[in-house]
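An overview of the molecular structure
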Number of protein chains: 2
Amino acid sequence: MTHRPTIDTVAVIGTGVIGRSWALLFARAGCAAVLHDRDPAQASRARAWVADSLVDEVESGSLTSADAAASLGRVSIAGSLGSAVKRAGYVQESAPEYLEIKRELYAALDEQAAPETILGSSTSTFDMSRISAGLAGAHRCVVAHPVNPPHQLPAVEVLGGGATDPAVVTRTAAFMASIGQVPVVLDRFVPGFVLNRLQFALVREAIHLVESGVASVEAVDAVVRDGLGLRWALMGPFGVADTNADGGIRQYYTGHEQLVMDLMNDLGPTPSIDARLIEQLGEGVDAMTAMASRAEMRRWRDRMIRKLRALKAGDPAPLTTPEHAPSFTERA
Amino acid sequence: MTHRPTIDTVAVIGTGVIGRSWALLFARAGCAAVLHDRDPAQASRARAWVADSLVDEVESGSLTSADAAASLGRVSIAGSLGSAVKRAGYVQESAPEYLEIKRELYAALDEQAAPETILGSSTSTFDMSRISAGLAGAHRCVVAHPVNPPHQLPAVEVLGGGATDPAVVTRTAAFMASIGQVPVVLDRFVPGFVLNRLQFALVREAIHLVESGVASVEAVDAVVRDGLGLRWALMGPFGVADTNADGGIRQYYTGHEQLVMDLMNDLGPTPSIDARLIEQLGEGVDAMTAMASRAEMRRWRDRMIRKLRALKAGDPAPLTTPEHAPSFTERA
């Protein structure tokens, strides 16, 4: 984290799995992170989780003890929404995913936060136009949707609603970049945004292949983790196509248009996700993960993602750096 | 490469982009690799490419000079198909992707190779039942479809035709594992196998998002390389789902069945891949890659994949090792 945060104090509103991860990220990057949750016990558990996670990072060698202690020192808990947002330049809302809860919360935030404070939402579902409809401060409301967990995975989808000031989108993206995230500014709302649409496009076919008897859960996962995923950790689908042919992406597709369209048209339909299918997938995963505990798998995942990001930071792509890329500020 | 190859001598028939990469892989793993191509100049170019690539691996620190020299020493060129396969325990066919070419070649291979020699094909398209139809040795014919390039990416899809002896599938998978690949045995043929179906499921939606104005080529790629791809380099879609909820994949889907199906049903249709779309994607990639040369990007990709695989080999997943996993032999 070589950059200085462009905003000093952040309020984390809602401290479940996503909120607590944001708290760790903000604090580690140098921000004061003020937590608030309607359930005070949840906020306390979130702070304890941040402490435990910082210890994991020290133990795996990605953080010094001094930095971990300083990070934890920047995490505080506020008893009321008003005191949480009082000094915040940015609010990250991570309340449960129900429109009415978000709308009520945004009304309160808009009333209590200082006029310049940006009100960002972790929503994975809603158009900001609907969350902020009718608010005096709709211009300062923006979606900042992370990949779970944000303290490990840098991509953040940034998108305003119809009333959002474009400068708020730019400032949000700049803030995310300054704390080491990779802001991805979307041009318009679509259900699932980009991330979950891409994810569930792959998942839909993965389920179809298992359900139709082509391959086991383990075989499908192996094709991704020991094949496609090794490229996708470095390049997206367009970058992959461009490096797959000597003449780049134009040559890659030219002459194969019909072949590609035929394959796409042969992909499976949406499966019926029901108890029977879920149990089939569950048994497939049980067979794959064998004796490993889920907690052990998660610790391994988090440790490996940290190492993988360090690898990329140490040898960035020749195009620009994949992380901290200046492209969004140039576009803005 | 800590394992000993289960087969000593391999014939590489067809030495284009895929064949030459197999040649490097086999030789580096300790096999004698005998190259043959209908065009002798192509075989010479392939051997020169192997030499250059070995130098790259030495320069990036993943191979010693002595190992590189020994590897190159194991690569030879045979002037005829008969002399190429004479001593081979395994043949890897990588001829152009036309059914008639493959069928003729398989007829010649079946006639000239020793009776026990396995005849493996790199085909990404054809059912082995069609390639080997009518051959006396159809029982020893098998698909071994790599990810491009196989000397960097370990996953190999292994699948017999209707007449293939199951023991040939098992021996092929065991051989691939012994040279450091990750064999993925499929249960039945389907167009595109597993790998390209998963890949083009994601690509279809990626193109749809760009074409419908939701996000730029660069934004879509960033969501993958700085988000989804960092997880997929470690776990497939089922492993990801299992670690995304405290109660595993069953809990992840239960209660969200309709939400997931709605999102899947909202995914875009197959785009019309035509000159206009290809140019739009090309311009998006041009903007993303800016001043970097494609050759530079490929060298970076290859170097990073080697480092990433070394990272995974050094800290394997607690379930089993993601590479050299014993699961397929246990299943077999």
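It should be noted that the structure appears before, not after, this text.
Below: a short report on this structure. Being a predicted model, the structure only gives us computed values, none of them experimental. (Residues numbered from 1 in each chain as written. Chains lettered and ligands numbered in written order. Predicted model: local features only at pLDDT ≥ 70, side-chain atom pairs only at ≥ 80, totals over all residues. Heavy atoms only, no water.)

1. Digging into the overall build of chain A
- When helices and strands are tallied, chain A shows 15 helices and eight strands.
- In terms of overall size, chain A behaves like a compact globule, its C-alpha atoms giving a radius of gyration of 21 Å where 332 residues would be expected to give roughly 20 Å.
- Referenced to the eigenvectors of the C-alpha coordinate spread, the extents of chain A come out at roughly 60 × 45 × 45 Å.
- Buried residues in chain A amount to 60% of all 332 residues.
- Here the analysis covers contacts within chain A between residues at least 6 apart in sequence; of these, 69% occur between residues at least 24 apart.
- Chain A carries 31 positive and 38 negative side-chain charges, and their two centres are separated by 6 Å. (Helix = DSSP H or I, 4+ residues; strand = E, 2+ residues; numbered from the N terminus. Rg over C-alpha atoms; globule rule 2.2 N^0.38 Å. Buried < 20%, exposed > 50% of the residue type's maximum accessible area, 1.4 Å probe, protein only. Contact = heavy atoms within 4.5 Å. Lys, Arg positive; Asp, Glu negative; His and termini not counted. Charge placed at Lys NZ, Arg CZ, Asp CG, Glu CD.)

2. With respect to the packing of aromatic side chains
- Per the counting criterion, the structure on display carries 13 aromatic pairs over all chains.
- Plain terms: the ring middles of Tyr 252 of chain A and Tyr 253 of chain A are 5.0 Å apart, the flat faces sit at 85 degrees to each other, and that makes the pair edge-to-face. For the pair formed by Tyr 252 of chain A and Tyr 253 of chain A, the shared burial category is buried.
- Taking 5.8 Å as the distance between ring centres and 85 degrees as the angle between the ring planes, the aromatic pair formed by Phe 189 of chain B and Phe 193 of chain B counts as edge-to-face.
- Members of the aromatic cluster, connected to one another through ring pairs, are Trp 22, Phe 26, Tyr 90 and Phe 175 of chain A. (Phe/Tyr/Trp six-rings, centres within 6.5 Å; stacked < 30°, edge-to-face > 60°.)

3. So, the sheet that holds strand 1 (residues 9-13) of chain A
All names here are of chain A.
- In space, the eight strands of this open sheet follow the order 3-2-1-4-5-6-7-8, with mixed pairing throughout. Edge positions in the sheet fall to strand 3 (75-77) and strand 8 (182-185), since each of these pairs with one other strand and no more. Sheet twist, expressed as the mean angle between neighbouring strand axes with direction ignored, is 25 degrees.
- Pairing analysis gives five bridges linking strand 6 (residues 141-146) to strand 7 (residues 155-160), with the strands arranged antiparallel. Its bridge partner being in strand 7, Ala 144 is matched across the sheet by Val 158. (Pairing = 2+ DSSP bridges. Axes fitted to C-alpha atoms, helices over the stretch in contact; angles between N-to-C directions.)

4. Here we look at the relation of the copies chain B and chain A
- Overlaying chain B with chain A gives an RMSD of 0.0 Å, the required rotation being 180 degrees about an axis along which the chain moves by 0.0 Å. Those values place the two copies in the arrangement expected of a two-fold rotation axis.
- In this assembly the copies share their binding face: 100% of the residues contributing to the interface of chain B also contribute to that of chain A. (Least-squares fit on C-alpha atoms with pLDDT ≥ 70 in both.)

5. Some words on the pattern of salt bridges
All names here are of chain A.
- A complete count under the given rule lists 36 salt bridges over all chains for this structure.
- Ionic pairing is found between Lys 102 and Glu 97, a salt bridge with its closest N-O pair at 3.4 Å.
- Residues joined by salt bridges that share partners form a network here, namely Arg 28, Glu 57 and Arg 306. (Salt bridge = Lys/Arg side-chain N within 4 Å of Asp/Glu carboxyl O.)

6. A closer look at the packing of helix 2 (residues 40-59) of chain B against helix 3 (residues 65-73) of chain B
Residue and element names in this part refer to chain B.
- In contact at an axis separation of 9 Å, helix 2 and helix 3 are set at 165 degrees when each is read in the N-to-C sense. By the angle between their axes, helix 2 is roughly antiparallel relative to helix 3. Like other packed secondary-structure pairs, helix 2 and helix 3 cross with a definite hand, here right-handed. Contacts from Arg 47, Val 50, Ala 51, Leu 54 and Val 58 of helix 2 reach helix 3 at Ser 65, Ala 68, Ser 71 and Leu 72.
- Of the residues contributing to the contact of helix 2 with helix 3, the split by class is six nonpolar, two polar and one charged. (Parallel < 35°, antiparallel > 145°, perpendicular 65-115°, else oblique. Left-handed = near helix turned anticlockwise from the far one by under 90°. Nonpolar A, V, L, I, M, F, W, Y, C, P; charged D, E, K, R; others polar.)

7. Concerning the sheet that holds strand 2 (residues 32-36) of chain B
Residues and elements named next belong to chain B.
- Spatially, eight strands are ordered 3-2-1-4-5-6-7-8 in an open sheet, and the strand pairing comes out mixed. Where the open sheet ends on each side, the last strands, each with one partner, are strand 3 (75-77) and strand 8 (182-185). Neighbouring strand axes in the sheet, compared pairwise and without regard to direction, differ in orientation by 25 degrees on average.
- Sheet contacts for helix 1 (residues 17-28): strand 1 (9-13), strand 2, strand 3, strand 4 (90-93), strand 6 (141-146) and strand 7 (155-160); angle to strand 1, the most-contacted strand, approximately 170 degrees.

8. With respect to the interface of chain B and chain A
- If you look at the interface, chain B gives 119 residues, while chain A gives 119 residues.
- Between chain B and chain A the total buried area reaches about 12100 Å² when both faces are included, carbon and sulfur atoms providing 68% of it.
- Between chain B and chain A we count 18 salt bridges in total.
- Close ionic contact of Glu 279 of chain A with Arg 250 of chain B constitutes a salt bridge, the shortest N to O distance being 2.9 Å.
- Along the contact surface separating chain B from chain A lie 46 residue pairs in polar contact (both at pLDDT 80 or more).
- Residues belonging to the side of chain B that touches chain A are distributed by class as follows: 65 nonpolar, 24 polar and 30 charged. (Buried area = accessible area lost by both parts, 1.4 Å probe. Polar contact = N/O pair within 3.5 Å; in protein donor to acceptor, adjacent residues only side chain to side chain.)

9. Observations concerning the side chain of Ser 94 of chain B
- Its place among the elements puts Ser 94 of chain B in the loop between strand 4 and helix 5 (99-112).
- When near neighbours in sequence (up to four residues on either side) are disregarded, Ser 94 of chain B contacts Ile 13, Gly 14, Ile 18, Gly 19, Trp 22, Lys 102 and Ser 122 of chain B.

10. A look at the environment of Pro 154 of chain B
- By secondary structure assignment, the location of Pro 154 of chain B is in the loop between strand 6 and strand 7.
- Residues Pro 154 of chain B and Gln 181 of chain B, 27 residues apart in the sequence, show an inter-C-alpha distance of 4.3 Å.

11. Remarks on the nonpolar core
- Formed by 159 residues in total, the largest nonpolar core has its most connected members in Leu 198, Phe 238 and Tyr 253 of chain A together with Leu 198, Phe 238 and Tyr 253 of chain B.
- The contacts of Phe 238 of chain B, once residues within four sequence positions are left out, are Ala 206, Ile 207, Val 210, Val 217, Val 220, Asp 221, Leu 281 and Val 285 of chain A together with Ile 249 of chain B. (Core = buried A, V, L, I, M, F, W, Y, C linked by side-chain atoms within 4.5 Å.)

12. Considering the pairing of strand 6 of chain A
All names here are of chain A.
- For strand 6, the tally of buried residues reaches six of six residues, placing the bulk of the element in the interior.
- Neither face of strand 6 is exposed, since Cys 141, Val 143 and His 145 on one face and Val 142, Ala 144 and Pro 146 on the opposite face are all buried.
- Relative to strand 6, strand 5 (residues 118-121) is paired through three bridges, and the arrangement is parallel. Note that in strand 6 the partner of Leu 119 across the bridge is Cys 141.

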